[in-house]
Amino acid sequence: MKYYTVDRKLNKFNDYIRGELKRKHISQTDAAYRLGIPQSGLSSRLSGKVQWTMREVFMLSEIIDVNFEDIGG
């Protein structure tokens, strides 16, 4: 049961990231470049196949200009 809850939160997080990238007109290619990973790596993270690192999450918060404490959940 816990795994399902974590999975749902990760999906919510990834959906939020996709939405913010789109809303702010930042391509996945550009975001991946700024994170220092290939676009395919970003795609894998957004689909839940690869876990985010804390470094990537902090860098991502700067890229999309959002405080992740605000989106909690």
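Caption draft 1: Representation of unusual backbone geometry in the model. For His25, which is not a glycine, the phi torsion comes out positive at approximately 55°. For His25, the position within the fold is in the loop between α1 (2-23) and α2 (28-35). A residue is classified by how much of its surface remains accessible, and His25, at 72% relative accessible area, is exposed. One non-glycine residue with positive phi stands out, namely Asp65, at about 55°. Mapped onto the secondary structure, Asp65 falls in the segment after α4 (54-63). Relative accessible area serves as the criterion here: at 65%, Asp65 is assigned to the exposed category.

Caption draft 2: Molecular detail of the packing of aromatic side chains. Under the criterion given, the structure shown has one aromatic pair. Look at Phe13 and Trp52: their rings are 6.0 Å apart centre to centre, the planes differ by 85°, and that puts the pair in the edge-to-face class. Taken together, the residues Phe13 in helix α1 and Trp52 in the loop between α3 (39-46) and α4 connect sequence positions 39 residues apart. Here Phe13 and Trp52 have matching classes, each one buried.

Caption draft 3: Fine view of α4. Within the sequence span of α4, burial applies to Glu56, Val57, Met59, Leu60, Ser61 and Ile63. A positive phi of about 55° marks Asp65, the residue just after α4.

Caption draft 4: Region of the structure containing the packing of α2 against α4. Two numbers describe how α2 lies on α4: the axes approach to 10 Å, and their chain directions differ by 125°. It follows from the interaxial angle that α2 and α4 lie oblique. When the axes of α2 and α4 are compared, the crossing they make is right-handed. When α2 is examined against α4, the residues Ala31, Arg34 and Leu35 are found in contact with a partner set consisting of Arg55, Glu56, Met59, Leu60 and Ile63. Considered class by class, the residues forming the contact of α2 with α4 number five nonpolar, no polar and three charged.

Caption draft 5: Just the environment of Leu21, in detail. Locating Leu21 in the fold gives a position in helix α1. Of the residues examined, Leu21 reaches a relative accessible area of 3% and is grouped as buried. Residues within four places of Leu21 in sequence aside, it is in contact with Ile26, Ala31 and Ile64.

Parameters and conventions
- Residues numbered from 1 in each chain as written.
- Predicted model: local features only at pLDDT ≥ 70, side-chain atom pairs only at ≥ 80, totals over all residues.
- Heavy atoms only, no water.
- Helix = DSSP H or I, 4+ residues; strand = E, 2+ residues; numbered from the N terminus.
- Buried < 20%, exposed > 50% of the residue type's maximum accessible area, 1.4 Å probe, protein only.
- Phe/Tyr/Trp six-rings, centres within 6.5 Å; stacked < 30°, edge-to-face > 60°.
- Axes fitted to C-alpha atoms, helices over the stretch in contact; angles between N-to-C directions.
- Parallel < 35°, antiparallel > 145°, perpendicular 65-115°, else oblique.
- Left-handed = near helix turned anticlockwise from the far one by under 90°.
- Contact = heavy atoms within 4.5 Å.
- Nonpolar A, V, L, I, M, F, W, Y, C, P; charged D, E, K, R; others polar.

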